[in-house]
Amino acid sequence: MNRLIKLTLFLVLVMFLLAVYLSFFGISTERFNRKIESEVLNINKEINLDLKTVKFLLNPLNLTINIKTIEPIIFVNNKQLELASIKTNLSLKSLINKEFSIDDLQLSTKEIKIKDLITLIRSFKDSTKLFLLDKVVKNGFLVGDINLNFDDNGNIKNNYEINGYLKRGQLSILRKNSINDLNFIFNIKDKSILLKDIEGIFNKIKLSAPSVIIIEKKNQFLVNGEFINKEKDINPKILIKYFKNIFEENDIENINFSSNNNFTFNLSKKLKISNFNLKSKINLNNFIYNKDLSNINKYFPDFKESLKLEDHVILIDYKKNKIDIKGKGKIFLESKADYISYEIKRRNDDYIFNTITNFDKSVIFLEILNYEKKKNLNSILKVNGSFKKNKNIEFKLISLVDDNNNFFQIDNLKIDQKFKINTFDKLKFIFSNNNKIQNKIFLTRNKKKYEVYGKNFDASKLLDQVLNTNNKKQSSSLFSKLDSTFKIDIDKLYLDKTTYVNDFVGNIKFVDNELNSLNLDSS
């Protein structure tokens, strides 16, 4: 009896030590290589395996055997892929009964070409996501872990998962554009792709993205994510390339900005983008615009040839045929900064704009009115209106007010593409000019008839322009086609600084921009 107990204890101890040894150290053999290769071939007839020594480890908790082979080689589509390892699990019972079948597979790769890995994965289970990746991925290397589970018929279940990271990648997107030097971590499941810690270069601009999520839904993919570009001087030619309708070559001297952008869009299986939405916050540190702006000197005599913007915060909300832009920051027409805020909305081909500029440092000069705003006198210029692409511009309101209570306002001014006036509805000017004359003049329109009236108006500069004009048309060259009658009724009209007439009344008629008739009287 004692011998039986001792024998039993000895056998238990041996089994325990054997289980410990098999659990921690396992055994290595090539005995099952052909069987494993045969089982893998049953699952995927497009690949062949070249296995080295296979290691078996016991999992005593669930009575399974973990099978692992190091540095196997897979042949697929005449390509040789070197893997780090292949793992699978078998039940101890099936191994003992020689019922050798694989119901799961874990493949770990070395650093391999991403195109080769996509080919391997598609050989096991093809999908639209993998087809999409194969189309947009051009180059790159990755390391990945592929976890597959099989049903009783050897088909891959939908609970597969692929993890890894890509480096030095190249993706072709948005027609002929590409993202280069791309690095990210990825997780691919049956209906989703998660990309994290993304870094890359797009048109020489370094971009980073915390995450991008791609969800497969019906016959398309829903993509949403965030990307960031850090502060950097941008080559102006890049901006001109994408905004040809706005900027021309050499228009921009310098641009420096950073941005944070959130986007969503749908992607079809034919790689067509729809429902693109973008929300951006742009920190525009510096922007210098060099296009010929000589006309600005007429109104800003100290203008320094270039328009400069600094420290602007710009918010952009873009949807199909709709964009909202809000921004504010410094504007330099001279050596010192003034401040501007603006709002632009686009609805299909209609653009609506609203700007407010605080001119403190700049000199403003309106020659025809002989008005000058001095430096360090605060004034506010408001401009709002709308325009359609390739059509006229309509200013609903233009107003200028300074701290000396000088006031200028024009309502519903319409100009053509050559910046010639079509019409305007109202004009209200109350100001003191350089001749120390207090002006108060109004204008209203009723169809083709204008009525000009007021208490005082210094017309000296206006008369100088008219009298020094040789061409009758030039006197009305501000208008695109002036066919209107002006009725005038001004209490006191100044001809120069000291000379004036009272009760200045009459009518002036223009036909096709030419003075047609003139009937004026005064006392």
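Residues numbered from 1 in each chain as written. Predicted model: local features only at pLDDT ≥ 70, side-chain atom pairs only at ≥ 80, totals over all residues. Heavy atoms only, no water.

Thoughts on the overall build of the protein chain
What counts is decided by this rule: Note on conventions: DSSP H or I runs of at least 4 residues are helices, E runs of at least 2 residues are strands, and numbering of each starts at the N terminus. With a 1.4 Å probe rolled over the protein chains alone, any residue whose accessible area is under 20% of its type maximum counts as buried; one over 50% counts as exposed, and the rest are partly exposed. Here, two residues are considered to be in contact whenever any of their heavy atoms come within 4.5 Å of each other. Areas reported as accessible are Shrake-Rupley estimates using a 1.4 Å probe. Residue values count occlusion only from the protein chains shown.
Within the protein chain one finds 7 helices and 32 strands. Across the 523 residues of the protein chain, 38% fall into the buried class. Taking the contacts inside the protein chain whose residues are at least 6 apart along the sequence as the reference set, 46% of them involve residues at least 24 apart. Of the roughly 31,400 Å² that the protein chain leaves accessible, carbon and sulfur atoms contribute 52%.

Regarding unusual backbone geometry
Leaving glycine out, the prevailing phi sign among residues is negative, and the prevailing peptide bond configuration is trans. Despite not being glycine, N376 has its phi angle at roughly 65 degrees, a positive value. Relative to the assigned elements, N376 resides in the loop between β22 (371–373) and β23 (379–388). For N376, a relative accessible area of 57% translates into the label exposed. Even without glycine at this site, K447 takes up a positive phi of about 60 degrees. Looking at where K447 falls in the secondary structure, it is placed in the loop between β28 (438–446) and β29 (449–458).

Overview of the environment of K157
Along the chain, K157 turns up in the loop between β9 (137–149) and β10 (161–173). Judged by its relative accessible area of 40%, K157 falls in the partly exposed class. The sequence separation of K157 and D103 amounts to 54 residues, and the corresponding C-alpha distance is 9.9 Å. The residues touching K157, leaving out its near neighbours within four places in the chain, are N149, F150 and D151.

Observations concerning the pairing of strand β7 (residues 104–109)
Put simply, the rule is: In this description, strands pair whenever DSSP reports at least two bridges between them.
Counting buried positions along β7 yields 6 of 6 residues, so the element is predominantly enclosed. Here β7 shows two buried faces, one formed by D104, Q106 and S108 and the other by L105, L107 and T109. Note that β7 and β9 share 5 bridges and pair antiparallel. Residue S108 lies in a different strand from β9, and its bridge partner there is D145.

Quick word on the nonpolar core
Heads up, the condition is: The set of buried Ala, Val, Leu, Ile, Met, Phe, Trp, Tyr and Cys residues whose side-chain atoms join them within 4.5 Å is what this entry labels a nonpolar core.
Counting 45 residues, the largest nonpolar core has I74, L107 and L148 as its most contacted members. Of all hydrophobic cores here, the second largest spans 38 residues; its members include F359, I421, F429 and F457.

Points about the confidence of the model for the protein chain
Rule in force here: pLDDT: the predictor's confidence for each residue, scored from 0 to 100.
The predicted model of the protein chain averages 79 in pLDDT, with 76% of residues at 70 or higher. At the level of individual helices and strands, the protein chain shows its lowest average pLDDT in helix α6 (residues 236–242), which scores 56, and its highest in strand β27 (residues 426–432), which scores 95. Within the model, the stretch residues 472–476 combines pLDDT values under 50 with 12 contacts to residues more than four positions away or in other chains.

Remarks on a negative patch on the surface
Filter applied, for reference: Patch members must show over 30% relative accessible area and no salt bridge, and they are joined within 9 Å when carrying like charges or within 5 Å when they are nonpolar side chains of Val, Leu, Ile, Met, Phe, Trp or Tyr. Definition used for salt bridges: Asp or Glu carboxyl oxygen within 4 Å of a side-chain nitrogen of Lys or Arg. Positive charges are assigned to Lys and Arg, negative charges to Asp and Glu, while His and the chain termini are left out of the count. Taken as the charge location is NZ of Lys, CZ of Arg, CG of Asp or CD of Glu.
Together, E451, D489, D491 and D503 make up a region of like negative charge exposed at the surface. Its place among the elements puts D489 in strand β30 (residues 484–494). The exposure class assigned to D489 is partly exposed, which follows from its relative accessible area of 40%.

Digging into the pattern of salt bridges
One pass over the structure, following the stated rule, counts 9 salt bridges. Between K330 and D311 there is a salt bridge, with the nearest N and O atoms lying 3.4 Å from each other. Here D311 lies in strand β17 (residues 307–319) and K330 lies in strand β18 (residues 322–332), a separation of 19 residues in the sequence. What makes K330 partly exposed here is its relative accessible area of 25%. The class for D311 is partly exposed, based on a relative accessible area of 43%. The partner of D425 in a salt bridge is R445, with the nearest N and O atoms 2.7 Å apart. With D425 in the loop between β26 (421–423) and β27 and R445 in strand β28, this residue pair connects regions lying 20 residues apart in the sequence. Since its relative accessible area comes to 27%, R445 is described here as partly exposed. Linked through salt bridges whose partners overlap, the residues forming this network are E111, K167 and R168.

Details of the pairing of strand β20 (residues 350–359)
Relative to β20, strand β19 (residues 338–347) runs antiparallel, the two being bridged by 9 bridges. Residue Y342 lies in a different strand from β20, and its bridge partner there is T355. Here β19 folds back onto β20, and the loop between the two strands holds 2 residues, one of which, N348, carries a positive phi near 55 degrees. Pairing of β20 with β23 involves 10 bridges; the strand directions are antiparallel. By the bridge assignment, N358 is partnered in β23 with I380.

Observations concerning the packing of aromatic side chains
Condition: Classification of ring pairs uses Phe, Tyr and Trp, with its six-membered ring standing for Trp, and accepts pairs whose centres are within 6.5 Å; under 30 degrees between planes counts as stacked, over 60 as edge-to-face, and the remaining range as tilted. The criterion for a charge sitting over a ring is simple: Lys NZ or Arg CZ within 6 Å of the ring centre, and within 35 degrees of the ring normal.
Within the structure shown, the criterion is met by 20 aromatic pairs. When the ring of F227 is compared with that of F263, the centres are 5.9 Å apart and the planes differ by 45 degrees; the resulting orientation is tilted. Here F227 is found in strand β14 (residues 220–233), whereas its partner F263 is found in strand β15 (residues 252–268), with 36 residues between them in sequence. Relative to F510, the ring of F486 lies with its centre 6.1 Å away and its plane at 85 degrees, an arrangement referred to as edge-to-face. Here F510 lies in strand β31 (residues 500–511) and F486 lies in strand β30, a separation of 24 residues in the sequence. Through successive ring pairs, a cluster of aromatic residues spans F227, F263, F265, F276 and Y318. The ring centre of F332 lies 5.4 Å from the NZ or CZ of K308, which sits over that ring. Stacked on the ring of Y500, the Lys or Arg K492 has its end atom at 4.5 Å from the ring centre.

Structural notes on the environment of N378
For N378, the position within the fold is in the loop between β22 and β23. With 24 residues separating them along the chain, N378 and D402 place their C-alpha atoms 5.8 Å apart. What N378 contacts, discounting residues up to four positions off in sequence, is N358, F359, D360, V401, D402 and D403.

Side note on a nonpolar patch on the surface
A contiguous nonpolar surface patch, about 240 Å² in accessible area, is contributed by L515, L518 and L520. Relative to the helices and strands, L518 is located in strand β32 (residues 514–521). Taking the relative accessible area as the measure of exposure, L518 reaches 52% and is therefore exposed.

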